[in-house]
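Given next are the chains, with one letter for each unit.
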Amino acid sequence: MRTVLLRIAARVEAASLVILLANLATVHIPWIATLVGPLHGCAYLLVIGTVLQTTRLRCARWLSLVPGIGGLLAERSIRPRARLSEH
């Protein structure tokens, strides 16, 4: 369950960062930043909290702190170990 939450939160975090940067680089519509900024911040915090609850791996915990892609990197570092423990 936690890995599913991590997967969703990591993708929302990365996608929202792309939207924020694209908005900043192009027309900079204020309501997009107002809407997507807090979503990105919540997804970032959710990624960090989920990784802290899911694993004790230091590497994954440090990776989760990287804004934007940290959740994806942490998920990737956790995934191989999760598959090994299932068998």
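Computed from a predicted model, the values in this text were never measured in an experiment.

**Q** Can you walk me through the overall build of the chain in this structure?
**A** Within the chain, the regular secondary structure consists of four helices and zero strands. What you see in the chain, going N to C, is helices and strands ordered as α-α-α-α. Among the 87 residues that make up the chain, the fraction classed as buried is 30%. Contacts in the chain between residues at least 24 apart in sequence constitute 54% of all its contacts with a sequence separation of at least 6. Carbon together with sulfur atoms contributes 70% to the accessible area of the chain, which is approximately 5,900 Å² in total.

**Q** Can you walk me through the environment of Arg58 in this structure?
**A** As for its placement among the helices and strands, Arg58 is situated in helix H3 (residues 58-63). Residues Arg58 and Ala74, 16 residues apart in the sequence, show an inter-C-alpha distance of 10.0 Å.

**Q** Just to check I follow, could you spell out the side chain of Ser16 for this structure?
**A** Considering the arrangement of structural elements, one finds Ser16 in helix H1 (residues 2-25). With relative accessibility at 2%, the residue Ser16 sits in the buried group. Of note is the side chain of Ser16, whose polar atom sits 2.9 Å from the backbone oxygen of Glu13. Apart from the residues within four sequence positions on either side, Ser16 is in contact with Val36 and His40.

**Q** Got a minute to help me understand helix H2 (residues 30-54) in this structure?
**A** Here H2 is 25 residues long and its end C-alpha atoms lie 36 Å apart, about the 36 Å a rise of 1.5 Å per residue gives. At Val36, H2 shows its largest bend, some 25°, and a proline, Pro38, comes one to four positions later. Within the span of H2, buried status applies to Ile32, Val36, His40, Ala43, Val47, Ile48, Thr50 and Val51.

Thresholds, definitions, all that
Residues numbered from 1 in each chain as written. Predicted model: local features only at pLDDT ≥ 70, side-chain atom pairs only at ≥ 80, totals over all residues. Heavy atoms only, no water. Helix = DSSP H or I, 4+ residues; strand = E, 2+ residues; numbered from the N terminus. Buried < 20%, exposed > 50% of the residue type's maximum accessible area, 1.4 Å probe, protein only. Contact = heavy atoms within 4.5 Å. Areas by Shrake-Rupley, 256 points an atom, 1.4 Å probe, with all protein chains shown as cover. Polar contact = N/O pair within 3.5 Å; in protein donor to acceptor, adjacent residues only side chain to side chain. Expected span 1.5 Å × (residues − 1). Bend = angle between axes of the 7 residues up to and from the residue.

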